[in-house]
Amino acid sequence: MESPPESMAERKRRLVAGELRDAALMLLATKGFDAVTVDDIAAVAGVSRRTFFRYFASKEDVVVRFLADMGASVVTELAARPRAEPPSAALRHAIWVPLAACTDRADHTERARIVVRLILDTPALHARWLDRQSRWRDALAAELAARHRLDPDTDPYPRMAAGMAMLALDTVLRQWQPGADEQRLAELTDQAFAVVAPALDTPGASQP
């Protein structure tokens, strides 16, 4: 079933939210989390402080939404993969989609990398990152259990496989160095999944 067409109001709201998000991430990436205020973000985006709070609860919320969008795309992409595909290939593709979105433009790549480092290096943001990872792991585990007809409450494979996928993502992000382009990021992703592929591709091994 096709989604209903987006209304003008919904489109405007999405565009304004996107502009605010981009302005916030740009400032946070260049100045650091603690140095940026909501007023700074609103000024760069050309909106009022009140308008900012219509879309985001705080500057931290901007980053949390960024993470939420990333996680949603991972789960959606895994669900869309062919059931006969090896789990390592399906998970590698699902994890790669948000990473590829970070490198869709040359001017976007380095900013995205800096934002990622900001999240990993700022205690308050890193805590939210870990919280989001836990939610993604649960959703991925549920999808993996359905794909392989396993009971996630009794079979360790779904949660362990989802955890390995999250660890692979975290490893890639931590190894993402200045100047690394899409090809280098893809190489890092391939290397990470090559390590965990033997375990990912044996979903029936935990069965007696």
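Cut-offs applied
- Residues numbered from 1 in each chain as written.
- Predicted model: local features only at pLDDT ≥ 70, side-chain atom pairs only at ≥ 80, totals over all residues.
- Heavy atoms only, no water.
- Helix = DSSP H or I, 4+ residues; strand = E, 2+ residues; numbered from the N terminus.
- Buried < 20%, exposed > 50% of the residue type's maximum accessible area, 1.4 Å probe, protein only.
- Contact = heavy atoms within 4.5 Å.
- Core = buried A, V, L, I, M, F, W, Y, C linked by side-chain atoms within 4.5 Å.
- Axes fitted to C-alpha atoms, helices over the stretch in contact; angles between N-to-C directions.
- Parallel < 35°, antiparallel > 145°, perpendicular 65-115°, else oblique.
- Left-handed = near helix turned anticlockwise from the far one by under 90°.
- Nonpolar A, V, L, I, M, F, W, Y, C, P; charged D, E, K, R; others polar.
- Arc of directions from axis to C-beta.
- Phe/Tyr/Trp six-rings, centres within 6.5 Å; stacked < 30°, edge-to-face > 60°.
- Lys NZ or Arg CZ within 6 Å of the ring centre and 35° of its normal.
- Salt bridge = Lys/Arg side-chain N within 4 Å of Asp/Glu carboxyl O.

### A look at the overall build of the chain
Link 1 in the chain: Each helix and strand in the chain was counted, giving 9 helices and 0 strands.
Link 2 in the chain: Written out in order from the N terminus, the α and β elements of the chain read α-α-α-α-α-α-α-α-α.
Link 3 in the chain: A principal-axis box enclosing the C-alpha atoms of the chain has dimensions of 60 × 40 × 30 Å.
Link 4 in the chain: Per-residue burial over the chain gives 45% buried out of 208 residues.
Link 5 in the chain: A fraction of 67% describes how many contacts in the chain between residues 6 or more apart in sequence connect residues 24 or more apart.

### Side note on the nonpolar core
Link 1 in the chain: Judged by nonpolar contacts, the single largest core of 62 residues is most densely connected at Ile41, Leu91, Leu99, Trp129, Leu169, Leu173 and Trp176.
Link 2 in the chain: Here Trp176 is in contact with Cys102, Thr103, Thr109, Ala112, Arg113, Val116, Leu185 and Leu188, once residues within four sequence places are set aside.

### Remarks on the packing of helix α7 (residues 123–147) against helix α8 (residues 157–175)
Link 1 in the chain: Across the interface, α7 lies against α8 with an axial gap of 8 Å and an inter-helix angle of 140°. Considering their axes alone, α7 and α8 lie oblique with respect to each other. Every pair of crossing elements has a handedness; the one defined by α7 and α8 is right-handed. Side by side, α7 and α8 meet where His126, Trp129, Gln133, Trp136, Arg137, Asp138, Leu140, Ala141, Leu144 and Ala145 of the first sit next to Pro158, Arg159, Ala161, Ala162, Gly163, Met166, Leu169, Asp170, Leu173 and Arg174 of the second.
Link 2 in the chain: Among the residues making up the contact of α7 with α8, the classes are represented as 12 nonpolar, 3 polar and 5 charged.

### Re helix α2 (residues 38–45)
Link 1 in the chain: Where α2 is concerned, the buried positions are Val38, Ile41 and Ala42. Seen end-on, α2 carries its buried residues on one side only, within an arc spanning 95°.
Link 2 in the chain: Buried-residue contacts for α2 involve α1 (8–31), α3 (49–55) and α4 (59–80).
Link 3 in the chain: With its phi angle positive at about 75°, Gly46 sits one or two positions after the end of α2.

### Notes on the packing of aromatic side chains
Link 1 in the chain: The tally for this structure, following the rule as stated, stands at 3 aromatic pairs.
Link 2 in the chain: Measuring from ring centre to ring centre gives 5.7 Å for Phe52 and Phe56, while their planes differ by 35°; the resulting arrangement is tilted.
Link 3 in the chain: On the accessibility criterion, Phe52 (0% relative accessible area) is buried.
Link 4 in the chain: Given a relative accessible area of 3%, Phe56 falls into the buried group.
Link 5 in the chain: By way of ring pairs, the aromatic residues Phe52, Phe53 and Phe56 are connected into one cluster.
Link 6 in the chain: Over the face of the ring belonging to Phe33 we find Lys59, whose NZ or CZ atom lies 4.4 Å from the ring centre.

### Thoughts on the packing of α4 against α7
Link 1 in the chain: Running from N to C, α4 and α7 point in directions that differ by 15°, and their axes come no closer than 10 Å. As far as their axial angle goes, α7 and α4 are roughly parallel. For the crossing formed where α4 meets α7, the hand is right-handed. Facing Glu60, Val63, Val64, Leu67, Ala68, Met70, Gly71, Val74, Val75, Leu78 and Ala79 of α4, the residues of α7 in contact are Ala124, Leu125, Arg128, Trp129, Arg132, Trp136, Ala139, Leu140, Glu143, Leu144 and Arg147.

### Overview of unusual backbone geometry
Link 1 in the chain: Positive phi values are uncommon outside glycine, yet Arg149 reaches one of about 55°.
Link 2 in the chain: Looking at the secondary structure, you find Arg149 in the loop between α7 and α8.

### Some words on the pattern of salt bridges
Link 1 in the chain: Counted by the stated rule, this structure contains 11 salt bridges.
Link 2 in the chain: Note that Glu110 is salt-bridged to Arg113, the shortest N-O span being 2.8 Å. With Glu110 and Arg113 both in helix α6 (residues 106–121) and 3 residues apart, this pair spans about one turn of that helix.
Link 3 in the chain: For Glu110, a relative accessible area of 30% puts it in the partly exposed group.
Link 4 in the chain: The salt bridge partner of Asp121 is Arg117, with a shortest N-O separation of 2.8 Å.

Keep in mind that these numbers describe shape and distance, not what the molecule does.
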